[in-house]
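In case you want the letters, here they are:
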Amino acid sequence: MSFSGLIGNEHNKQILQRFLRRKNLGMTLIFAGPEGIGKRQFALTLAKVANCQNLPETNDDSCDICPTCQRIQAGTYSDVVTIQPDGTYIKIAQTRELINDVQVRPREGRQRFFLIDEADRLREEAANSLLKTLEEPPATSTIILLTARPDSLLSTIRSRAQKLNFAPLPTPEMEKYLASRFQLATPDARLLALLTGGRIGQATTIDLTEYRRERRELLELMDLLATGNNKHRLLKAAEHYGKQERDAYERMILLFLNLLRDIFLIAASGSIENIVNIDVADRLSLLAEKIGIAQLTKWIKKFDELRFNLRININRQIATESAFIGLAN
Ligand SMILES: [Zn+2]
């Protein structure tokens with residue numbers, strides 16, 4: 001994607017385009033902000049403009065169709081190098097290689113880029129070995145540290161780099177973008193914008209049909225719990241969820257908690273204004289009325305507990321049965 005195709009974080013776009021016009025890109029940058037909001041795409045676009053074969057006169061956007069742009073986007077261009085944690089940390093062996101690599105002249109393009117993913121996972125020793133390189137990379141090398149936790153970077157690193165903060169998109173903008181880019185109907189675009197909280201990179205990871213199916217099941221479970229008089233069906237449901245793999249089970253708990261959050265908001269404020277699952281607002285309002293704030297608080301506590309206990313290897317089926325029967329009483 002080119003700068004003109006990227007939406008949001010306009011201020012950062014302008015800063016990067018100013019760098020590009022200045023032409024000396026030998027520097028270290030920090031791209032800070034939550035996961036999934038497009039930091040990596042901004043870095044790739046910067047690399048594309050710096051190496052594009054069809055630069056416009058303004059020198060500040062990529063064509064996106066030349067082989068160079070396409071290979072940078074696909075991750076197969078030798079002058080754009082990504083460093084990721086090897087296990088939990090970015091290790092000193094990796095930074096040693098990087099220190100040498102940064103000094104090498106571009107192999108096929110005009111400018112080399114080094115993207116350090118999850119830069120907050122640099123071990124102290126590895127980070128310290130990098131300081132000199134970060135402070136003064138050669139004019140043909142740009143180093144970009146990507147992180148969701150900029151405060152975890154050593155201050156000695158932070159002081160050697162220019163930091164750009166990335167923010168999620170406001171919901172209405174995200175909704176408009178999703179509707180036009182993926183040809184989504186308005187209710188779908190709105191739900192996806194709310195579910196992702198404006199983090200554009202997350203939008204392609206959610207399958208709305210599957211999401212709605214799982215949600216429908218959980219709303220039925222809520223009806224069952226709220227009525228509380230059908231122990232047999234509740235036990236059946238507990239068995240069904242308890243038997244799921246850990247990941248699917250955890251996803252169920254999180255979705256249940258998100259729905260409870262919406263219902264709680266409605267119960268507490270009497271308004272649907274700030275809920276996520278806006279497309280089923282009527283159903284959630286009915287549940288809010290049926291369950292009531294006191295019970296909702298208990299439900300949230302219980303499901304938080306189930307989520308927490310996942311860390312210690314609980315018997316999920318037994319824990320779920322006891323939670324469901326306990327809540328239905
Ligand atoms: Zn190009």
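Here, every reference points to the structure presented above.
Once a new chain begins, its residue numbering starts again from 1 and follows that chain's sequence as written. Local features in a predicted model are, by the rule used here, given only for residues with pLDDT of at least 70; side-chain atom pairs are given and counted only at 80 or more, and totals for whole chains, interfaces and linings are based on all residues. Heavy atoms throughout the structure, all of them, feed into the side-chain values; hydrogens and water do not.

Colleague: Tell me what's going on with the overall build of the protein chain, and back it up with residues and numbers.
Modeller: Each helix is a run of H or I in the DSSP string that is no shorter than four residues. Each strand is a run of E no shorter than two, and both are numbered from the N terminus. Across its full length, the protein chain carries 13 helices and five strands. For the C-alpha atoms alone, the extent of the protein chain along its principal axes is close to 75 × 45 × 30 Å. Only protein chains enter the calculation, and the probe is 1.4 Å; a residue is then buried if its accessible area is under 20% of its type maximum, exposed if over 50%, and partly exposed in between. Burial analysis of the protein chain (329 residues in total) assigns 44% to the buried set. It only takes one pair of heavy atoms within 4.5 Å for two residues to be counted as in contact. The long-range share in the protein chain, meaning contacts at least 24 apart out of those at least 6 apart in sequence, stands at 72%. Only the protein chains shown count as covering a residue, and every accessible area follows the Shrake-Rupley method with a 1.4 Å probe. Accessible surface computed for the protein chain: about 16,800 Å², of which carbon and sulfur atoms make up 49%. His is not counted here, nor are the chain ends, while Lys and Arg score as positive and Asp and Glu score as negative. One atom stands in for each charge, and that atom is NZ of Lys, CZ of Arg, CG of Asp or CD of Glu. The protein chain carries 45 positive and 40 negative side-chain charges, and their two centres are separated by 2 Å.

Colleague: A description of the coordination of the zinc ion should follow, citing residues and the corresponding values.
Modeller: Sodium, potassium and calcium take a 3.2 Å donor cutoff, other metals 2.8 Å, and in both cases only N, O and S atoms count; water is not among them, so sites may look incomplete. Those protein atoms acting as donors to the zinc ion are C52 (SG), C63 (SG), C66 (SG) and C69 (SG), and they sit at 2.3 to 2.4 Å. Note on geometry labels: four donors, all angles 85 to 135 degrees, give tetrahedral; four donors become square planar and six octahedral when opposite donors are over 155 degrees apart and every other angle is between 65 and 115; remaining cases are irregular. Each of the four donor atoms around the zinc ion contributes to a set of angles spanning 100 to 120°, which defines the coordination as tetrahedral. In terms of primary sequence, the donors binding the zinc ion are separated according to C-x10-C-x2-C-x2-C. Given a relative accessible area of 4%, C66 falls into the buried group.

Colleague: Give a description of the pattern of salt bridges that names residues and reports values.
Modeller: The term salt bridge refers to a side-chain nitrogen of Lys or Arg lying within 4 Å of a carboxyl oxygen of Asp or Glu. Counted under the stated rule, the structure contains 25 salt bridges. Where R213 meets E217, a salt bridge forms, and the shortest distance between an N and an O atom there is 2.9 Å. Of this pair, R213 and E217 both sit in helix α9 (residues 208-227), four residues apart, which is roughly one turn of the helix. Here R213 falls in the partly exposed class, since its relative accessible area comes to 35%.

Colleague: I'd love a proper account of the sheet that holds strand β2 (residues 80-83), names of residues and values included.
Modeller: Strands are treated as partners if at least two bridges between them are detected by DSSP. Read from one edge to the other, the open sheet built from five strands follows the order β2-β3-β4-β1-β5, with strand pairing classed as parallel. Where the open sheet ends on each side, the last strands, each with one partner, are β2 and β5 (162-165). Strand after strand, the sheet turns through a mean of 20° between neighbouring axes, direction not considered. Sheet analysis places strand β1 (residues 27-32) next to β5, joined by four bridges and oriented parallel. Axis definition: a line fitted to C-alpha atoms, limited for helices to the stretch in contact. Angles are taken between N-to-C directions and run from 0 to 180 degrees.

Colleague: Explain the environment of C52 residue by residue, including any values.
Modeller: By secondary structure assignment, the location of C52 is in the loop between α2 (39-51) and α3 (67-74). According to the relative accessible area criterion, C52 is buried, its value standing at 1%. Sequence-wise, C52 and E321 are 269 residues apart; in three dimensions their C-alpha atoms are separated by 59 Å. Apart from the residues lying within four places of it in its own chain, the contact partners of C52 are S62, C63, C66, C69 and R110.

Colleague: Quick one: what's the story with the pairing of β1, residue by residue and with numbers?
Modeller: Among the six residues in β1, six count as buried, and that is most of the element. Across the two faces of β1 the burial is the same, with M27, L29 and F31 and T28, I30 and A32 all buried. Pairing analysis gives six bridges linking β1 to strand β4 (residues 141-147), with the strands arranged parallel. Bridge pairing links A32 to T147 in β4.

Colleague: Give a detailed account of the packing of aromatic side chains, specifying residues and quantitative values.
Modeller: Whether two aromatic rings pair depends on their centres lying within 6.5 Å, for rings of Phe, Tyr and Trp, where Trp uses its six-membered ring; planes under 30 degrees apart make the pair stacked, over 60 edge-to-face, and the rest tilted. Applying the stated criterion across every chain, the model contains six aromatic pairs. Plain terms: the ring middles of F42 and F166 are 5.0 Å apart, the flat faces sit at 75° to each other, and that makes the pair edge-to-face. Taken together, the positions of F42 in helix α2 and F166 in the loop between β5 and α7 (171-181) put the pair 124 residues apart, joining distant regions of the chain. Take F42: its relative accessible area is 2%, and that puts it in the buried class. Relative to F303, the ring of F256 has its centre 3.8 Å away and its plane inclined at 10°; by these criteria the two rings are stacked. Pair noted here: F256 is in helix α11 (residues 246-269) and F303 is in helix α12 (residues 281-309), with a separation of 47 residues, a long-range link.

Colleague: Give me the lowdown on helix α4 (residues 92-103), citing residues and values where you can.
Modeller: Two residues of an α-helix separated by three or four positions point the same way, owing to the 3.6 residues in each turn. Its 12 residues give α4 an end-to-end C-alpha distance of 17 Å, which sits within 8% of 16 Å, the value for a rise of 1.5 Å per residue. Within the sequence span of α4, burial applies to Q94, T95, L98, D101 and V102. One side of α4 carries all its buried residues, which in axial view fall inside an arc of 120°. Turned more than 90 degrees off the buried face of α4, the exposed positions are A93, R96, E97 and N100. Here the buried face of α4 lies against β2, β3 (112-116), α5 (124-135) and β4. A helix's residues, less one, multiplied by 1.5 Å, set its expected span. Here the arc refers to the directions that run from the helix axis out to each C-beta atom.

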